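Fold and contact review
The residues making up each chain are set out below.
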Amino acid sequence: DSSDADVRILYASAVDFAAVEASFGGGRQDFGPLAAGESSDYATFGQVYDYGFFQVVTDTDTLVIQPIDYVGERPVEEGRYTFRLTVMDGSLQSEFVRD
């Protein structure tokens with residue numbers, strides 16, 4: 001029951017990311033480096049959930065959001081989506097929005 005979804009990463013904090021890696025229920029995707037305030041290009045996925053795994057590398061740290069699983073969850077509908085990443089008090093946070 002999945003449809004292609006285009007996903008990008010928007011980085012909304014003040015420190016640049018040297019690397020961004022993410023997974024939304026399938027394989028991991030390398031989104032490359034992102035400067036503060038930048039967004040990545042869209043990448044197409046066959047299955048996307050409204051939360052996911054994120055690993056970002058800064059000059060001083062590696063921050064991770066690690067979901068447990070997607071049991072009982074439904075993939076999002078076909079469309080374009082953005083995961084907005086922020087760093088607050090040393091913790092990585094994500095917000096999922098439909099574009």
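Check the entry above for the structure.
My aim in this report is to walk through the structure given alongside it, one point at a time. (Residues numbered from 1 in each chain as written. Predicted model: local features only at pLDDT ≥ 70, side-chain atom pairs only at ≥ 80, totals over all residues. Heavy atoms only, no water.)

A few words now on the overall build of the protein. For the protein, the helix and strand inventory stands at 0 helices and 8 strands. Counting from the amino terminus, helix and strand elements in the protein follow one another as β-β-β-β-β-β-β-β. C-alpha atoms of the protein, sized along the principal axes, occupy 40 × 25 × 20 Å. Per-residue burial for the protein yields a buried fraction of 34% across its 99 residues. As presented, the protein carries roughly 5,700 Å² of accessible surface, and 42% of it is formed by carbon and sulfur atoms. (Helix = DSSP H or I, 4+ residues; strand = E, 2+ residues; numbered from the N terminus. Buried < 20%, exposed > 50% of the residue type's maximum accessible area, 1.4 Å probe, protein only. Areas by Shrake-Rupley, 256 points an atom, 1.4 Å probe, with all protein chains shown as cover.)

All right, on to the side chain of Ser 13 then. Secondary-structure assignment places Ser 13 in the loop between β1 (5-11) and β2 (17-23). Only 2.7 Å separates the side chain of Ser 13 from the backbone nitrogen of Val 87, close enough to count as a polar contact. Residue contacts for Ser 13: discarding those within four places in its chain leaves Ala 36, Gly 37, Leu 85, Thr 86 and Val 87. (Polar contact = N/O pair within 3.5 Å; in protein donor to acceptor, adjacent residues only side chain to side chain. Contact = heavy atoms within 4.5 Å.)

This brings us to the nonpolar core. Core analysis: the biggest nonpolar cluster contains 21 residues, and Ile 9, Phe 17, Val 20, Phe 24, Phe 31, Phe 54 and Leu 85 have the highest contact counts within it. At the level of elements, β1, β2, β3 (29-34), β4 (43-45), β5 (53-57) and β7 (79-88) are the ones that each hand at least two residues to this core. Apart from the residues lying within four places of it in its own chain, the contact partners of Phe 17 are Tyr 11, Pro 33, Leu 34, Val 56, Val 57, Thr 58, Leu 85, Val 87 and Leu 92. (Core = buried A, V, L, I, M, F, W, Y, C linked by side-chain atoms within 4.5 Å.)

Taken in spatial order, the 4 strands line up as β4-β1-β7-β8 in an open sheet, and their pairing is mixed. Only two strands of the sheet have a single partner each, and these edge strands are β4 and β8 (91-98). The sheet shows a mean angle of 30° between the axes of neighbouring strands, direction not considered. Pairing of β1 with β7, which is carried by 7 bridges, proceeds in the parallel orientation. What sits directly across from Asp 6, in β7, is Arg 80. (Pairing = 2+ DSSP bridges. Axes fitted to C-alpha atoms, helices over the stretch in contact; angles between N-to-C directions.)

Taken together, the 4 bridges between β5 and strand β6 (residues 62-65) define a ladder with antiparallel strand orientation. Following the sheet pairing, Gln 55 is matched in β6 by Val 64. In this antiparallel pair of consecutive strands, β5 and β6, the connection spans 4 residues.

A word on the sheet that holds β2. A sheet is described by the order of its strands in space; here 4 strands give the open sequence β3-β2-β5-β6, paired in antiparallel fashion. Each of the sheet's edge strands pairs with one partner strand only, and the pair in question is β3 and β6. In this sheet, adjacent strand axes meet at a mean angle of 15° when their direction is disregarded.

Interpretation note: all reported values are geometric properties and have no functional meaning in isolation.
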